[in-house]
Amino acid sequence: MSRTLQIISIQHELAMSIGLDLDLDKMLQLFLERAKKRLSLRSALVFKQAPREDKDSNLLCYPYAHKPDDGSDWLVEQIFQFSKLDIAHQCLQKNDGYFYLFKVPKFGAISFERKLHPIDNMVLHALLPLFVRLAVSCQACLEHQNLVDEIKNRKAIEEQLRRQTYQDVLTGLPNRKMLNINLQSLLSNAQQKGQYGAVFFIDLDRFKLINDTLGHSVGDELLINITSKLRNCIRRDDTLSRVGGDEFILLLNNIGTDEQSAVAKSTKVAEKMLGITRESVELSNCSVYTSFSIGIALFPSPELSAHKTISEQAKSLIKNADVAMYKIKHTSRNGYMFYRHELQVMSAFRSEVEQRLHLALREQSFELYFQPMVNLDGKITAAEALLRWHDAKLGWVGPQDFIPVAEESGLIVDIGMWVLRHTCELIAQNLTWFEHGKLRYISVNISPRQFSQPHFVAQLLTLIDEFNIPHAYLRLEITEGVAMENITSAISIMKALAKHDLYFMLDDFGSGYSSLSYLHQLPLKSVKIDRSFVSQIHKNTDNQVIVEAIIYISKHFSLECVIEGLETAQERAYFSDKSVVAIQGFYFFKPQPEEAFTKLLNGLD
């Protein structure tokens, strides 16, 4: 009776350890520990599925921490052979140990090792029903784990979809969709609580240049770096989002109950942001300089709330901030501007200009004017081709109004090619001007976007050769800004064209890029001293020093020096004894239509 009760106790205790946990590892660990204790086992192992003869690494062994001894290969082989037998259990003897192998149906096998003494047959037969129960519990654990894994995977996919829907992948910031949701919420709260808020439209200046020249990986690193710095400028409750390649939008809330307070707090944040880029941005393999152009629109405002839904107000607010950003970006950069209604009028005009430019390009309705350049004796030696546009609807549109729009929209590339083509055509029709010494060259302005086109050199050479004119009769004008934007690329392009007798003139020299230190690197033929130094030069000693220094440096580097913007007799007198090869300005000639310019040159002796 005592022996029977002992067997029942062992059977009951082991049975009670089965199914106590839905975690398979924990459940098996508990069962094996109790089996080792109650049966005085040296080892107890569970094998999930039979091991393969040629790939034992597929064997899953519990507990995982088990480190088989030298006899492990033998045990694995025995388990494999046992799995192929149509028996429920087997006893093997090796050295001083007895190994008991049991089938765990539809799961695997279990091995008990006992030292010196075998397991009593009555106990052994009492254990057999437990392994059927263990198999059911193992299967339940596996099904539960599969269910848990499925739920985790589904949640992970849902989270990924949520991030893709509402979050920028690169920076982790909210995207435009999430921004609109937050902004509409802020607008509703602002109206209810009487608190002002602000929308900042932030554009990272020169990002395209950095991305194109240093690579997309550097561009991505810069965006991540700038994101971190911008976050340090704002409060935790403010919303910073990325809405484009180099564009961010910031939402400020609760910045005052009156417009004056809102302006003051917005200004403080904007100035803090501008301070980020006063020093270079240190990246993994390089340092870059950049800046921000920031447009700011405050809310609420009567203009926004008049007969508009919250959604319409949000769109208008972002548009207003964008308009202010555009204005600062195309005037000074590295600054901020608050939106005002006049900017919207300007934006509408800019939009119409862009639409009409498309039509003008299709209909070839541009005109070329030419402004002669003269030597110190007043004799015409060269000319500059200038683009003019009279639109049927807008009337005369000044270059200062349509050139920036054409540049931004990309139309400037086709427009620039139109200017080059018509200038080459004029030269081809009037080769005698050059052969008889009436003109040395006609210069054409090359826009930044046109200059940076990958095939600019090849297209230009093909165009000139189409008209079969000497290359030297055409001169290309680029501004300091174009040359300094990417000096390495600029030098490469200029050298490639110089090999074909196509020479460059640096326009607006000294107007803000301080390129004196780079002057010796650029393969130039001539420089134009900016008109800001020429105006009233006879009264301005500071400008006299600058101009004479530029003339001296130009002479040192064997560069032709050209004066532009000369308008008065006093200015003319000042330059009468200076070492300049040409002067351009209203004092001598205003820009003239092609017909008048042709008559002028044909009338020269």
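That block above? That's the structure.
The present account deals with the structure reproduced in this document. (Residues numbered from 1 in each chain as written. Predicted model: local features only at pLDDT ≥ 70, side-chain atom pairs only at ≥ 80, totals over all residues. Heavy atoms only, no water.)

## Let's talk about the sheet that holds strand β7 (residues 239-242)
Inference 1: Reading across from one edge, β7-β8-β6-β11-β12 is the order of the five strands in this open sheet, with mixed pairing throughout. The sheet terminates laterally at β7 and β12 (335-338), the two strands that pair on one side only. Looking at each pair of strands side by side, their axes are set apart by 20° on average, direction ignored.
Inference 2: Here strand β6 (residues 197-205) pairs with strand β11 (residues 291-299) via nine bridges, running antiparallel. The residue bridging Phe 200 from the neighbouring strand is Ile 296, located in β11. (Pairing = 2+ DSSP bridges. Helix = DSSP H or I, 4+ residues; strand = E, 2+ residues; numbered from the N terminus. Axes fitted to C-alpha atoms, helices over the stretch in contact; angles between N-to-C directions.)

## Structural notes on the side chain of Ser 111
Inference 1: With respect to the helices and strands, Ser 111 occurs in strand β5 (residues 108-115).
Inference 2: In this structure Ser 111 comes out as buried when scored by relative accessible area, which is 2%.
Inference 3: Contact partners of Ser 111, with chain neighbours within four places excluded, come to Ser 43, Ala 44, Leu 45, Phe 47, Leu 75, Ile 79, Phe 99, Tyr 100 and Leu 101. (Buried < 20%, exposed > 50% of the residue type's maximum accessible area, 1.4 Å probe, protein only. Contact = heavy atoms within 4.5 Å.)

## Here's the deal with the pairing of strand β19 (residues 526-529)
Inference 1: Residues Ser 526 and Lys 528 of β19 are buried on one face, and the alternating residues Val 527 and Ile 529, pointing to the opposite face, are buried as well.
Inference 2: Bridging between strand β18 (residues 503-509) and β19 involves three bridges; their strand directions are parallel. In the sheet register, Met 505 faces β19, and the bridge partner there is Ser 526.
Inference 3: One ladder, built from four bridges, connects β19 with strand β20 (residues 560-564); its direction is parallel. Counterpart to Ser 526 in the pairing with β20 is Glu 560.

## What about the packing of aromatic side chains?
Inference 1: Enumeration according to the criterion identifies 16 aromatic pairs in this entry.
Inference 2: Between Trp 74 and Phe 99 the ring centres are 5.0 Å apart and the planes differ by 65°, which places this aromatic pair in the edge-to-face class. With a gap of 25 residues between them, Trp 74 in helix α3 (residues 72-83) and Phe 99 in strand β4 (residues 97-104) connect regions that are remote in the sequence.
Inference 3: Judged by centre distance (4.4 Å) and plane angle (10°), the ring pair of Phe 434 and Tyr 473 falls under stacked. Residue Phe 434 is found in helix α14 (residues 431-435), and its partner Tyr 473 is found in the loop between α16 (456-467) and β17 (474-479); the two are separated by 39 residues along the sequence.
Inference 4: Taking the relative accessible area as the measure of exposure, Phe 434 reaches 8% and is therefore buried.
Inference 5: By relative accessible area, which is 17% here, Tyr 473 ends up buried.
Inference 6: Members of the aromatic cluster, joined through ring pairs, are Phe 366, Trp 389, Phe 402 and Trp 418.
Inference 7: The ring of Phe 82 has Lys 103 lying over it, and the distance from NZ or CZ to the ring centre is 4.9 Å. (Phe/Tyr/Trp six-rings, centres within 6.5 Å; stacked < 30°, edge-to-face > 60°. Lys NZ or Arg CZ within 6 Å of the ring centre and 35° of its normal.)

## Structural notes on the pattern of salt bridges
Inference 1: This model, assessed by the stated rule, comprises 18 salt bridges.
Inference 2: One salt bridge in this structure joins Glu 408 and Arg 350, with 3.8 Å as the shortest N-O distance. Remark: Arg 350 occurs in helix α11 (residues 341-363) and Glu 408 occurs in helix α12 (residues 399-409); sequence separation between them is 58 residues.
Inference 3: Arg 531 is the salt-bridge partner of Glu 564, the closest N and O atoms lying 3.9 Å from each other. In this pair, Glu 564 sits in strand β20 while Arg 531 sits in helix α19 (residues 531-534), placing the two residues 33 residues apart along the sequence. (Salt bridge = Lys/Arg side-chain N within 4 Å of Asp/Glu carboxyl O.)

## Some points on helix α1 (residues 2-16)
Inference 1: When the terminal C-alpha atoms of α1 are compared, their 21 Å separation across 15 residues agrees well with the 21 Å that a helix rising 1.5 Å per residue should span.
Inference 2: Three or more residues of α1 are buried, namely Ile 7, Ile 10, Leu 14 and Ala 15. One side of α1 holds all its buried residues, which, seen down the axis, span an arc of 125°. Of the exposed residues in α1, the ones pointing more than 90 degrees away from its buried face are Ser 2 and Leu 5. (Expected span 1.5 Å × (residues − 1). Arc of directions from axis to C-beta.)

## Notes on the environment of Asp 21
Inference 1: Structurally, the position occupied by Asp 21 is in the loop between α1 and α2 (24-39).
Inference 2: Under the relative-accessibility criterion, Asp 21 is labelled partly exposed at 30%.
Inference 3: Beyond its immediate chain neighbours, meaning those up to four positions away, Asp 21 contacts Lys 26, Met 27 and Cys 141.
Inference 4: Among the polar contacts made by the side chain of Asp 21, one reaches the main-chain amide nitrogen of Asp 23 at a distance of 2.7 Å. (Polar contact = N/O pair within 3.5 Å; in protein donor to acceptor, adjacent residues only side chain to side chain.)

## Examining the nonpolar core
Inference 1: Grouped together as the largest cluster of nonpolar side chains are 81 residues, with contacts concentrated most on Leu 357, Phe 451 and Leu 474.
Inference 2: When residues of this core are assigned to their parent elements, the largest contribution, 10 residues, is made by helix α13 (residues 411-429). (Core = buried A, V, L, I, M, F, W, Y, C linked by side-chain atoms within 4.5 Å.)

## Some details on the packing of α1 against α2
Inference 1: As a packed pair, α1 and α2 sit with axes 9 Å apart at the nearest point and diverge in direction by 165°. When the axis of α1 is compared with that of α2, the two are roughly antiparallel. Crossing angle aside, the handedness with which α1 passes α2 is right-handed. Contacts between α1 and α2 involve Gln 6, Ser 9, Ile 10, Glu 13, Leu 14 and Met 16 from the first element and Phe 31, Arg 34, Ala 35, Arg 38 and Leu 39 from the second.
Inference 2: Considered class by class, the residues forming the contact of α1 with α2 number six nonpolar, two polar and three charged. (Parallel < 35°, antiparallel > 145°, perpendicular 65-115°, else oblique. Left-handed = near helix turned anticlockwise from the far one by under 90°. Nonpolar A, V, L, I, M, F, W, Y, C, P; charged D, E, K, R; others polar.)

Distances and angles like these do not, on their own, reveal function.
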